[in-house]
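Architecture at a glance
Now for the letters of each chain:
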Amino acid sequence: MMATVIVNRSSKEATLSRAVIKKIVDYVCELENREILGKLSIAFVSLDEIRALKKEFFHQNIDTDVISFFYGTEEPDEVWGEIIICPEKAREYANTYGTKYENEQKLLLIHGLLHILGYDDIDAKKKHIMETRQNYILEQFLTAEKRDLLVISAQKAQHYAYAPYSLFPVGAALETCDGKVIQGGNIENASLGLSVCAERVALFKAVSMGFATFTRLAVISSDQDYCLPCGACRQVLHEFAPHLEILAARQEGDYQVYILDELLPNPFQFNPEKGR
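Residues numbered from 1 in each chain as written. Predicted model: local features only at pLDDT ≥ 70, side-chain atom pairs only at ≥ 80, totals over all residues. Heavy atoms only, no water.

**Things to note about the overall build of the chain**
Keep this limit in mind: Here a helix means four or more residues in a row that DSSP labels H or I, a strand means two or more in a row labelled E, and each is numbered from the N terminus. Only the C-alpha atoms count toward the radius of gyration. The rule for a globule is 2.2 Å times the residue count to the power 0.38. Exposure categories follow from relative accessible area, calculated using a 1.4 Å probe and restricted to protein chains: below 20% of the type maximum is buried, above 50% is exposed, and the middle band is partly exposed. Residue contacts follow a heavy-atom distance rule, with two residues in contact if any of their heavy atoms lie within 4.5 Å.
Of regular secondary structure, the chain possesses eight helices and nine strands. Taking 2.2 N^0.38 as the reference for a compact globule, 276 residues should give roughly 19 Å; the C-alpha atoms of the chain span a radius of gyration of 24 Å, well beyond that estimate. Dimensions of the chain, computed from the C-alpha atoms along their principal axes, are close to 75 × 45 × 35 Å. Looking at the chain as a whole, 43% of its 276 residues are labelled buried. Restricting to contacts in the chain with at least 6 residues of sequence separation, those with at least 24 account for 62%.

Quick look at the structure:
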């Protein structure tokens, strides 16, 4: 059972959308192998409000960034726990550390969730364990977000494929090392051997634009199976990014993750000094 999330906002700062909050809650619960059986309340409040709460419930008259309350009920109609986040502190951290404001909010939400799930930071050892875990979860979640967006980009590219002969349109989205996304669709020809796969269309377009280093590629077809690059595409991609992450997706939007080296363990390599 997935968590029922209630979101309240009294802060004037921009805050995470409910969809992102729900996605993070579900993601953390999945990684921690835990379930939230009741409702989870998430509140975004001002600095003055969270300071007042800190003073009322913890008898500390200090600024803080996030407070968690675990109520322990498993009744479906009851609030299971509550997390109170101060977006102003998240913005302060973003300015101090040069990070994204939105990501600092995500980290505070993860921190609050881990408290509710039993983590603590009352001493140095427990604090280290908790901070290591929350940083790992944030990193994994941000990676998952990038992957999801790349698959969506590949789905959009599929609409521009030209496949009148095979009736098998394929979309690809190639991410460069600086975050640029280049799309491509397969382009067929009456002389079928002249057809070009979506992956190579995206790669050739990217290289012609001056890009030469890449992080991941998403590819999707109209089929219900996961779509993997053909052997020719694997060879061409290997020329530029041997360790490229491949997201083999299907129409439902889910995907499997591979590394190009795994899919093409022994690529052809031309070495003029050895005469080949």
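**What about the sheet that holds strand 1 (residues 4-9)?**
As a reminder, the rule being used: Pairs of strands are assigned from DSSP output, requiring at least two bridges between the strands. Interaxial angles span 0 to 180 degrees and are taken between N-to-C directions of axes, which are lines fitted to C-alpha atoms, for helices over the stretch in contact.
The four strands lie next to each other as 1-2-4-3, forming an open sheet whose pairing is mixed. Each edge of the open sheet carries a strand with a single partner, namely strand 1 and strand 3 (66-70). In this sheet, adjacent strand axes meet at a mean angle of 15° when their direction is disregarded. In terms of strand pairing, strand 2 (residues 39-44) meets strand 4 (residues 79-85) through six bridges, oriented parallel. Along strand 4, the bridge assignment pairs Ser41 with Glu82. Strands strand 2, strand 3 and strand 4 of the sheet are contacted by helix 4 (residues 101-116), whose axis makes an angle of about 145° with strand 4.

**Focus on the nonpolar core**
Rule in force here: Residue types Ala, Val, Leu, Ile, Met, Phe, Trp, Tyr and Cys, when buried and joined through side-chain atoms within 4.5 Å, form a set referred to as a nonpolar core.
Of all hydrophobic cores here, the largest spans 34 residues; its most connected members are Ile21, Ile24, Ile42, Ile83 and Leu109. Listed by contribution, the elements that provide at least two residues to this core are strand 1, helix 1 (18-32), strand 2, strand 4, helix 3 (87-97), helix 4 and helix 5 (124-158). With eight residues, the single largest contributor to this core is helix 4. Residue contacts for Ile83: discarding those within four places in its chain leaves Leu40, Ser41, Ile42, Ala43, Val66, Ile67, Ser68, Leu109, Gly112, Leu113 and Ile116. With 19 residues, the next largest nonpolar core counts Val170, Ala202, Cys227 and Ala241 among its residues.

**A word on the sheet that holds strand 5 (residues 170-176)**
Spatially, five strands are ordered 6-5-7-8-9 in an open sheet, and the strand pairing comes out mixed. Whereas interior strands pair on both sides, the edge strands pair on one side only; in this sheet they are strand 6 (181-185) and strand 9 (255-259). Adjacent strand axes in the sheet meet at a mean angle of 20° when their direction is disregarded. When strand 7 (residues 214-221) meets strand 8 (residues 245-249), the two strands line up parallel, connected through four bridges. Looking across to strand 8, one finds that Ala218 is bridged to Leu247.

**Details of the side chain of Asn103**
With respect to the secondary-structure elements, Asn103 resides in helix 4. Relative accessible area serves as the criterion here: at 18%, Asn103 is assigned to the buried category. In contact with Asn103, other than residues within four places in its own chain, are Leu138 and Leu142.

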